[in-house]
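Structural overview
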Amino acid sequence: MFEFNLNEHNYNYVHFIGIGGISMSGIASLLLNKGYKVSGSDRSMTDIVNNLKKNGAEVFIGQKSENIKNPDLVVYTDAILDDNEELIAARKLDIPVVTRGVFLGALMRNYKHSIAVSGSHGKSTTTSIISKILLNSNEDASILLGGELDDMDGNVHVGDDKYLVTEACEYKGNIRYYFPQTVIILNIDQDHLDYYKDLNDIVNTFKAYLRNQDNNSKTILNLNEENNKLILDSVQGELITYAQENYDADYVAHNIAFDEIGRPNFDLKMKDGSIEHFELGVIGRHNINNAMAAIIATYENGIDLDTIRKNLKTYTGLKRRMEIIGHVNDATIMTDYGHHPSEIEVTLDALKEHTEGKLVCIWQPHTYSRTKTLFDDFLNCFDSADEVIVTDIYAAREKYDPTIHSKDVVDALIEKGINAKYLATFEEARDYVYEIANPSDLIITTGCGNPDVLAHMIVDDQVKVSA
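Because the structure is predicted, anything quoted here is derived from the model rather than measured. (Residues numbered from 1 in each chain as written. Predicted model: local features only at pLDDT ≥ 70, side-chain atom pairs only at ≥ 80, totals over all residues. Heavy atoms only, no water.)

With respect to the overall build of the protein chain
Of the regular secondary structure elements, the protein chain holds 15 helices and 21 strands. In terms of C-alpha radius of gyration, the protein chain reaches 22 Å, essentially the compact-globule figure of 23 Å for 467 residues. For the protein chain, the C-alpha atoms occupy an extent of roughly 60 × 60 × 40 Å along the three principal directions. Taking all 467 residues of the protein chain together, 58% fall into the buried category. For the protein chain, long-range pairs separated by at least 24 residues make up 64% of all intrachain contacts whose partners lie at least 6 apart in sequence. Element-wise, carbon and sulfur atoms account for 44% of the exposed surface of the protein chain, whose accessible area totals about 19,100 Å². Within the protein chain, the 72 negative side-chain charges are centred at a point lying 4 Å from the centre of the 43 positive side-chain charges. (Helix = DSSP H or I, 4+ residues; strand = E, 2+ residues; numbered from the N terminus. Rg over C-alpha atoms; globule rule 2.2 N^0.38 Å. Buried < 20%, exposed > 50% of the residue type's maximum accessible area, 1.4 Å probe, protein only. Contact = heavy atoms within 4.5 Å. Areas by Shrake-Rupley, 256 points an atom, 1.4 Å probe, with all protein chains shown as cover. Lys, Arg positive; Asp, Glu negative; His and termini not counted. Charge placed at Lys NZ, Arg CZ, Asp CG, Glu CD.)

Written out as structure tokens, the structure is:
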């Protein structure tokens, strides 16, 4: 197993292949702030890459062997293949080479309270709630987020060596290399099936992750999730469970109510039997689960309840998580990151309950493999929408697959009785919204590609298109 100790400064110069990724850039920023020499490469000069350059990183656009200038360590993303010029050059020079996941896992060992949030859905939201609480406490936590939080004006915050908060994604089995002091398991679902064989393969990966932990660790786990129960026998250290209305759990949310726009409030039975009341600043029943995980993680790691309570109420979400972009014809335009059927379903269910007009969902499928393997699940996640618009599939890391197309999904949705329409481009979808948007409607774009771009187009182009 790769050993790395940030405090002992074993590696003074680190090079990142794919430095512009949301996670890689966060780790690079953390090292820059700790006084490390950092270099890296990426395909294009984005705002993230430009900020790293301004903060002292040496950045190369394009990945070439000459970019490797004798670093002590090379870190690369999962998207980098074995034929990458920089990776080949580093190995020829016998420079230690590790994946981002291995590096992050080793980094966790340098903090007294490292909190890692895992699960198929809700990772970024839960991590950002924990982050908000810690940022507004007496602690100075180091934070690596998968999204942008207004409280820290971005996705990374460099603090002291006491607290580290990060997402722990299971993609490509990365969690097998993670060693947090506090493990959070939100849920386990079928996803990333371009890598995993099936659900059982995913469950076994989570089991291996839990078996990494030592007897001083804490595992915080949602007992409402049936698949979570499959990994209970692998927990090391202390198991802490939570649930809604399930009194077998250590922490239980009950007396749940919602305000006029869908923001929950609830009583929480604490582990010691006492009752505490909490109000959330975000909508949806699913956010009760995210909030409970954040409450427990911070409370069990020394944060007082008043600080937790105050920050839960003022937390309004990450960018691209039920984010309101603007209005068109007095209809609300929103964007969301949901790309898995379960995520889309809970978001639409939550919005439908408090939408007076039509609820229109514009979905950009993400990757051919996910669209194909979860095809039947996608047919069952749009029931709360009055109309579904499907744009072309966002390929991401994948090559074109002629065996699956957005039209296939639309045809199947129509056959099921769903009001669905295929519109290939963002321009077509934008113009269609201008035709159908009425006061009190809610129109949401969703997916983890770039459907936020469409939401901004709809709002920003309305005057230009109508002129």
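After that view of the structure, there is still more to cover.
Quick notes on the environment of Asp411
Mapped onto the elements, Asp411 comes out in helix H12 (residues 406-416). Separated by 44 residues in the primary sequence, Asp411 and Ala455 have C-alpha atoms spaced 24 Å apart.

A look at the nonpolar core
Counting residues in each nonpolar core, the largest one holds 47 residues, and the members touching the most others are Phe16, Val38 and Tyr209. Among the secondary structure elements, those contributing two or more residues to this core are strand E1 (13-17), helix H1 (22-33), helix H2 (47-54), strand E4 (73-76), helix H4 (100-108), strand E10 (182-185) and helix H6 (199-212). Counting residues per element, this core draws most heavily on H1, at six residues. Once residues lying within four places of it in the same chain are set aside, the contact partners of Val38 are Tyr13, Val14, Phe16, Ile19, Ala28, Leu31, Leu32, Gly56, Ala57 and Glu58. Membership of the second largest hydrophobic core comes to 41 residues, among which are Tyr163, Leu186, Ala294 and Tyr315. (Core = buried A, V, L, I, M, F, W, Y, C linked by side-chain atoms within 4.5 Å.)

Section: helix H9 (residues 341-352)
One turn of the α-helix equals 3.6 residues, which is why residues spaced by three or four share an orientation. The end-to-end C-alpha separation of H9 is 16 Å, in line with the 16 Å expected for 12 residues at 1.5 Å each. Every buried residue belonging to H9 is among Pro341, Glu343, Ile344, Thr347, Leu348, Ala350 and Leu351, and all of these are buried. (Expected span 1.5 Å × (residues − 1).)

What to know about the pattern of salt bridges
Enumeration according to the criterion identifies 20 salt bridges in this entry. The salt bridge partner of Lys313 is Glu279, with a shortest N-O separation of 3.5 Å. Remark: Glu279 occurs in strand E15 (residues 275-279) and Lys313 occurs in helix H8 (residues 305-314); sequence separation between them is 34 residues. Residue Glu279 is classed as partly exposed on the basis of its relative accessible area, which comes to 34%. Each of the salt bridges in this network shares a partner with another, and the network as a whole consists of Lys218, Glu238, Lys271 and Glu300. (Salt bridge = Lys/Arg side-chain N within 4 Å of Asp/Glu carboxyl O.)

So, the sheet that holds strand E20 (residues 420-422)
Taking strand neighbours across the sheet as the criterion, the six strands line up as E16-E17-E21-E18-E19-E20 in an open arrangement whose pairing is mixed. Bordering the open sheet on either side are strand E16 (323-328) and E20, each of which pairs with just one other strand. On average, each strand axis in the sheet is inclined to that of its neighbour by 20°, with strand direction left out of account. Sheet analysis places strand E18 (residues 359-363) next to strand E21 (residues 442-446), joined by five bridges and oriented parallel. (Pairing = 2+ DSSP bridges. Axes fitted to C-alpha atoms, helices over the stretch in contact; angles between N-to-C directions.)

What about the packing of aromatic side chains?
Under the defined criterion, the tally for this structure stands at six aromatic pairs. Pairing Trp363 with Phe382 gives two aromatic rings, centres 5.4 Å apart and planes at 50°, and the pair type is tilted. Of this pair, Trp363 sits in strand E18 while Phe382 sits in the loop between helix H11 (375-378) and strand E19 (387-390), placing them 19 residues apart in sequence. Overall, the relative accessible area of 0% leaves Phe382 in the buried class. Site record: aromatic cluster; members linked through ring pairs are Trp363, Phe378 and Phe382. Looking at Arg109, its charged tip hangs above the ring of Phe179, at a distance of 3.8 Å from the centre. (Phe/Tyr/Trp six-rings, centres within 6.5 Å; stacked < 30°, edge-to-face > 60°. Lys NZ or Arg CZ within 6 Å of the ring centre and 35° of its normal.)

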